[in-house]
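Residues per chain, in single letters:
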Amino acid sequence: MTAPRPGRVVIGEPELRARVTALGAEIARGYAAEPPVLVGVLQGAFLFMADLVRAMPIDLVTDFVRLESYGGGTTSSGRVRLAEDLATPLAGRDVLVVEDIVDTGRTVAALRRLLEARRPRSLRVCALCDKVGRREVDVGVDWVGFTIPNVFVVGYGFDHAGLYRNLPHVVTLEGV
Ligand code: PRP
């Protein structure tokens, strides 16, 4: 038996660059008045977040959360707790959650509940990838970079057992 390895390219580097640049400009137009707080969800979103903010020509604040799922098996349970919380108060602020992927939708749904309790002025969600075919919870995703099929992907923030987040493109994982 061979170990799982990165396989074929699903989203290439030039495609990622073009889409994230366009997304940044589009999102920025939605936040003309006050600097929004961008909340990156660790670890997967760190590369997307870094590229997205550089494509947004407006004043903004960045912060991060790290979530821990509990009570679940291999798929997310949707019961999340903040393993690392924000340092930024959200009351009255425009908040944009930056996710790498929305799969069942449980994580975003749970995070929305947690953050809405802090009374932001607005709370919107942007995800690099959306596996719409896997959705179990109807969560509003305001901006999506790419709709992808139900395949296991690694690279550009996505991992398998902690590896491959540093690949510059999104590729399939073969041999799982
Ligand atoms: C992934 C991803 C989302 C979540 C999506 O996180 O980053 O947060 O799963 O799944 P859902 O829509 O089914 O809830 P993961 O637990 O793999 O952590 P990571 O970001 O550190 O890789």
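Residues numbered from 1 in each chain as written. Predicted model: local features only at pLDDT ≥ 70, side-chain atom pairs only at ≥ 80, totals over all residues. Heavy atoms only, no water.

(A) Representation of helix α2 (residues 46–54) in the model. Of all the positions in α2, only Phe-48, Met-49 and Leu-52 are classed as buried. Seen from one end, α2 has its buried residues packed into an arc of 100°, which puts them on one side. In this structure, the buried residues of α2 make contact with α1 (13–29), β2 (37–42), β3 (61–69), β5 (94–102) and β6 (122–130). (Buried < 20%, exposed > 50% of the residue type's maximum accessible area, 1.4 Å probe, protein only. Helix = DSSP H or I, 4+ residues; strand = E, 2+ residues; numbered from the N terminus. Arc of directions from axis to C-beta. Contact = heavy atoms within 4.5 Å.)

(B) Structural view of the sheet that holds strand β8 (residues 153–154). Taken in spatial order, the 3 strands of this open sheet run β1-β9-β8, and their pairing is antiparallel. The sheet is open, and its two borders are formed by β1 (5–11) and β8, each paired with just one other strand. In this sheet, strand β9 (residues 170–174) lies alongside β1 in antiparallel orientation, the contact comprising 4 bridges. Residue pairing for β9: Val-9 is matched across the bridge by Val-171. (Pairing = 2+ DSSP bridges.)

(C) The arrangement of the packing of α1 against α2 in detail. Interhelical geometry of α1 versus α2 gives an angle of 60° and a closest axis separation of 8 Å. The orientation of α1 relative to α2 falls into the category oblique. Judged by the twist between their axes, the crossing of α1 over α2 is right-handed. Together, Val-20, Leu-23, Gly-24 and Ile-27 of α1 and Phe-48, Asp-51 and Leu-52 of α2 make up the contact between the two elements. Across the contact of α1 with α2, the residue classes tally to 5 nonpolar, 1 polar and 1 charged. (Axes fitted to C-alpha atoms, helices over the stretch in contact; angles between N-to-C directions. Parallel < 35°, antiparallel > 145°, perpendicular 65-115°, else oblique. Left-handed = near helix turned anticlockwise from the far one by under 90°. Nonpolar A, V, L, I, M, F, W, Y, C, P; charged D, E, K, R; others polar.)

Geometric descriptors of this kind do not, in isolation, establish any biological role.
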